[in-house]
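Spelled out, the chains give:
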Amino acid sequence: MWRSLRPLGRSAASGGYRRYAWTEADADCRLWFRMQAEARRLDVETDRNGNQWAWLGDPTAGDAVVTGSHLDSVPDGGAFDGPLGVVSAFAALDELRARGVSFKRPLAIVNFGDEEGARFGLACVGSRLTSGQLTREKAYELRDADGVSLPQAMEAAGHDPSRIGADPERLGRIRAFVELHVEQGRALDLSGDAVGIASAIWPHGRWRYDFAGEANHAGTTRLVDRRDPMLTYAETVLAARREAELAGAVATFGKISVEPNGVNAIPSLVRGWLDARAADQESLDAVVTGIETAARDYAAKHGIDLAVVRESFTPVVDFSHALRDELSRVLGEKTPLLGTGAGHDAGILSASIPTAMLFVRNPTGVSHSPAETAGEDDCVAGVRALADVLEDLACR
């Protein structure tokens, strides 16, 4: 499976992946998912929001057990973030069949669409739409860097965008969702464990900062006459680091656009996107407020107009205690419980259905990078752990 999936959407220049929603690379990944499912005699369907489901058993029977993750990537992302969960789901089904178990409940493997939000700027679009956390109206407003709207992209890829929206009937048929994911951090490497269980997801969000100044000639405009928004942006980036350190949180300006974006031109507009996460809501609020306060102070000092827009937000996710305890019972009480600052489809769905997560050791802790990796033995341990959990949930 890894050999067949590895080339899809991979950049020859960076070695990373550019599997953006509703692009050719995304279509290739979707075809790969269908072929893996059909090779295992599973019934494949694409729901109204573009998520793919591969079913063993009757999808309408109710009480289904679902596993899987996503296949899309961040810009130049790694091979494991998302795909490990999908590959492991198929491998876990192979393992269960090899064990000769009998399924008492329907089992589904899912590939959620646009989890990373790399193209339209909003993470977990497929699961947000399905759970009703993203309305059709708001989804229709999403646009990529080229001005292409989400419905236009869907339609160009052969999907009917008029059908998108909440799907409570589908979620009502699911007993539990378990997502396996490579750990995005080094907690398991430091503890010496191959597999861990998620306890909670930190509250996190994305904010867009628009710094508007005045375009002018870089060689003839005196420093004292400039209204340069890049200065205010740069000072705000440094403020984000300071505020995060004070709160024991993380804050990152990782995306920027500049107008007119000329080497010899003072910018008229600098737009930066802030990603902020913390262990609790109070700490996150303190970080976000501190960054905006500093940015407005700098903007006033340099004569810059500032607009701040919250583009997405996910409150703290405390995974189902009953399901988490069941995973601990199956895998052993010594299996470590880990909190995480990364968002996942399981976190979005947790408000609607019982969800849980398994993490597989990442020896470097590096993620969202071509250097992201996991050892083969640890991946196999993850598959066996997932198979044990699915056997408990779907076969007993």
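Above this text you will find the structure in question.
Below, the structure is looked at part by part. (Residues numbered from 1 in each chain as written. Predicted model: local features only at pLDDT ≥ 70, side-chain atom pairs only at ≥ 80, totals over all residues. Heavy atoms only, no water.)

1. Quick notes on the overall build of the chain
So, point 1. Of regular secondary structure, the chain possesses 13 helices and 15 strands.
So, point 2. In summary, the chain has a C-alpha radius of gyration of 22 Å against a globular reference of 21 Å for 396 residues, a match within 12%.
So, point 3. Seen through its principal axes, the chain has C-alpha atoms that stretch 80 × 45 × 40 Å.
So, point 4. Here the chain, with 396 residues, has 53% of them falling under the buried criterion.
So, point 5. The long-range share in the chain, meaning contacts at least 24 apart out of those at least 6 apart in sequence, stands at 77%.
So, point 6. Roughly 17100 Å² of accessible area belongs to the chain as shown, and the carbon and sulfur atoms make up 50% of that amount.
So, point 7. Taken as two groups, the 43 positive and 57 negative side-chain charges of the chain have centres that lie 2 Å from each other. (Helix = DSSP H or I, 4+ residues; strand = E, 2+ residues; numbered from the N terminus. Rg over C-alpha atoms; globule rule 2.2 N^0.38 Å. Buried < 20%, exposed > 50% of the residue type's maximum accessible area, 1.4 Å probe, protein only. Contact = heavy atoms within 4.5 Å. Areas by Shrake-Rupley, 256 points an atom, 1.4 Å probe, with all protein chains shown as cover. Lys, Arg positive; Asp, Glu negative; His and termini not counted. Charge placed at Lys NZ, Arg CZ, Asp CG, Glu CD.)

2. Section: helix α10 (residues 281–302)
So, point 1. The first and last C-alpha atoms of α10 sit 32 Å apart over 22 residues, in line with the 32 Å expected at 1.5 Å per residue.
So, point 2. Every buried residue of α10 is accounted for by S283, L284, V287, V288, G290, I291, A294, A295, Y298 and A299. Mapping the buried residues of α10 onto a view down its axis gives an arc of 165 degrees, with all of them on the same face. Exposed side chains of α10 directed beyond 90 degrees from the buried face belong to E282, D297 and A300.
So, point 3. The elements touched by buried residues of α10 are β7 (204–212), α9 (229–247), β9 (250–259), β11 (269–277) and β12 (305–314).
So, point 4. Measuring from the backbone nitrogen of E282 back to the side-chain oxygen at the start of α10 gives 3.2 Å, which picks out D280 as the cap.
So, point 5. Positive phi appears at G303, one or two residues downstream of α10, with a value of about 70 degrees. (Expected span 1.5 Å × (residues − 1). Arc of directions from axis to C-beta. Polar contact = N/O pair within 3.5 Å; in protein donor to acceptor, adjacent residues only side chain to side chain.)

3. Remarks on the nonpolar core
So, point 1. Counting residues in hydrophobic clusters, the biggest one holds 49 residues, and the most contacted among them are W32, F33, L42, F90, I109, L327 and L358.
So, point 2. Setting aside anything within four residues of it in sequence, one finds L42 in contact with A37, A54, W55, L56, F90, L93, R97 and I109. (Core = buried A, V, L, I, M, F, W, Y, C linked by side-chain atoms within 4.5 Å.)

4. Focus on the environment of T46
So, point 1. Positionally, T46 belongs in strand β1 (residues 43–46).
So, point 2. By relative accessible area, which is 35% here, T46 ends up partly exposed.
So, point 3. Once the C-alpha coordinates of T46 and D392 are considered, the two residues, 346 residues apart in sequence, prove to be 27 Å apart.
So, point 4. Among all residues touching T46, those that are not within four sequence positions of it are R30, N51, Q52 and H159.

5. Remarks on the sheet that holds β7
So, point 1. Overall, antiparallel pairing links the 4 strands, which are arranged β9-β11-β7-β12 in an open sheet. Sheet topology places β9 and β12 at the edges, where each strand pairs with a single neighbour. Neighbouring strand axes in the sheet, compared pairwise and without regard to direction, differ in orientation by 15 degrees on average.
So, point 2. Relative to β11, β7 runs antiparallel, the two being bridged by 9 bridges. (Pairing = 2+ DSSP bridges. Axes fitted to C-alpha atoms, helices over the stretch in contact; angles between N-to-C directions.)

Honestly, it's all geometry; don't read function into it.
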